[in-house]
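Chains, contacts and geometry: an overview
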Amino acid sequence: ILKIFGAVDLKNNRGLRDYTILHLLFDTGARASEIATLNLDFFDSHKRTLAILGKGNQYRLIELWPKTTQLIDLYIAKYRPTPKPPYRHRLFINQRGQELTRHGIYRLCQKYLSKSLPPKRLKGLNPVHSFRHSCAVNMLQSGYSITDIKNRLGHKDVQSTMIYLHIDL
């Protein structure tokens, strides 16, 4: 994960946006579609929380790490492009002033994974889901319960969560 974060060029506006998204994916374990549909008012900087609208139109409230909160604040204050009117409410905006799509997030993850990992490791790897998997494994190694991990990932069933908790050495 640190190699992937290190592959981002922070000297430009898009680099900071990408860095923020990658941190958010690792911190929350959110799906690409969930990140793409985040609205500005889903984020509470003071409480360090983010409401995520998941499958089945169910919201879950995630407590963010301090660094992730700082990155989102910085992105909003200094690097978020001016959106076109229909997209004013969206958190992440693309270079055309429109909402970032789940396909855009997929390509963003693929770009930085390709810069960081050998081609052999990329075979059969879903770039966005690799962050979900990393989030789940990190939580497990940090001592979180399976239920906490299930809730963070937005799963209804523990069996779905168990798929994310294997480590392939």
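Residues numbered from 1 in each chain as written. Predicted model: local features only at pLDDT ≥ 70, side-chain atom pairs only at ≥ 80, totals over all residues. Heavy atoms only, no water.

**Brief notes about the nonpolar core**
Generally speaking, soluble globular proteins have nonpolar side chains that are buried together. Among the nonpolar cores identified, the biggest contains 36 residues, and Leu22, Ile35, Leu38, Phe92 and Ile105 are the most heavily contacted of them. Secondary-structure elements contributing two or more residues to this core are helix 1 (2-6), helix 2 (13-28), helix 3 (32-36), strand 2 (49-53), helix 4 (66-79), helix 5 (102-116) and helix 7 (127-141). Considering each element in turn, this core owes the most residues, 7 residues, to helix 2. If you look at the next biggest cluster of nonpolar residues, it comprises 5 residues, including Cys135, Ala136, Ile149 and Leu153. (Core = buried A, V, L, I, M, F, W, Y, C linked by side-chain atoms within 4.5 Å. Buried < 20%, exposed > 50% of the residue type's maximum accessible area, 1.4 Å probe, protein only. Helix = DSSP H or I, 4+ residues; strand = E, 2+ residues; numbered from the N terminus.)

**Thoughts on the layout of surface pockets**
Put simply, the second largest pocket is a space of about 350 Å³. Taken together, 20 residues line the second largest pocket, and the ones lying closest to its centre are Arg14, Arg17, Asp18, Gln95 and Gly104. Only helix 2 and helix 5 provide two or more residues apiece to the lining of the second largest pocket. With 6 residues, the single largest contributor to the lining of the second largest pocket is helix 5. Looking at the lining of the second largest pocket, its residues break down into 4 nonpolar, 7 polar and 9 charged. (1 Å grid on protein atoms, 1.4 Å probe; cavity = no way out; pocket = protein on both sides within 12 Å on 5 of 7 lines; lining within 4 Å. Points joined across faces, edges and corners; volume = space filled by probe spheres on them. Nonpolar A, V, L, I, M, F, W, Y, C, P; charged D, E, K, R; others polar.)

**Examining the side chain of His23**
Structurally, His23 can be placed in helix 2. The class for His23 is buried, based on a relative accessible area of 6%. When neighbours within four sequence positions are excluded, His23 is seen to be in contact with Phe5, Lys67, Thr68 and Leu71. (Contact = heavy atoms within 4.5 Å.)

**Some remarks on the packing of helix 2 against helix 5**
The angle between the axes and the distance between the axes are what describe a pair of packed helices. Viewed as axis vectors pointing N to C, helix 2 and helix 5 meet at an angle of 95°, and their least axial separation amounts to 11 Å. Here helix 2 lies roughly perpendicular to helix 5, going by the angle between them. Mapping the contact onto sequence places Arg17, Asp18, Ile21, Leu22 and Leu25 in helix 2 and Ile105, Leu108, Cys109, Lys111 and Tyr112 in helix 5. Looking at the contact of helix 2 with helix 5 residue by residue, the classes come out as 7 nonpolar, no polar and 3 charged. (Axes fitted to C-alpha atoms, helices over the stretch in contact; angles between N-to-C directions. Parallel < 35°, antiparallel > 145°, perpendicular 65-115°, else oblique.)

**Remarks on helix 4**
In a regular helix each residue adds 1.5 Å, so 14 residues correspond to 20 Å; helix 4 covers 19 Å between its end C-alpha atoms and thus fits that length. For helix 4, the set of buried residues is Thr68, Thr69, Leu71, Ile72 and Tyr75. The buried residues of helix 4 occupy an angular sector of 165° when projected down its axis, which confines them to one face. Turned more than 90 degrees away from the buried face of helix 4, the exposed residues are Gln70, Ala77 and Lys78. Where helix 4 is buried, its residues contact helix 2 and strand 1 (43-44). (Expected span 1.5 Å × (residues − 1). Arc of directions from axis to C-beta.)

**Re the pattern of salt bridges**
Here the structure, examined in full by the defined rule, presents 6 salt bridges. Linking Arg152 and Asp27 is a salt bridge whose minimum nitrogen-to-oxygen distance equals 2.7 Å. Of this pair, Arg152 sits in helix 8 (residues 146-153) while Asp27 sits in helix 2, and the two are 125 residues apart along the sequence. With relative accessibility at 1%, the residue Asp27 sits in the buried group. Among the ionic pairs, Arg48 bridges to Glu63, the shortest N-O distance being 3.7 Å. One end of the pair, Arg48, is in the loop between strand 1 and strand 2; the other, Glu63, is in strand 3 (residues 59-63), and 15 residues separate them in sequence. (Salt bridge = Lys/Arg side-chain N within 4 Å of Asp/Glu carboxyl O.)

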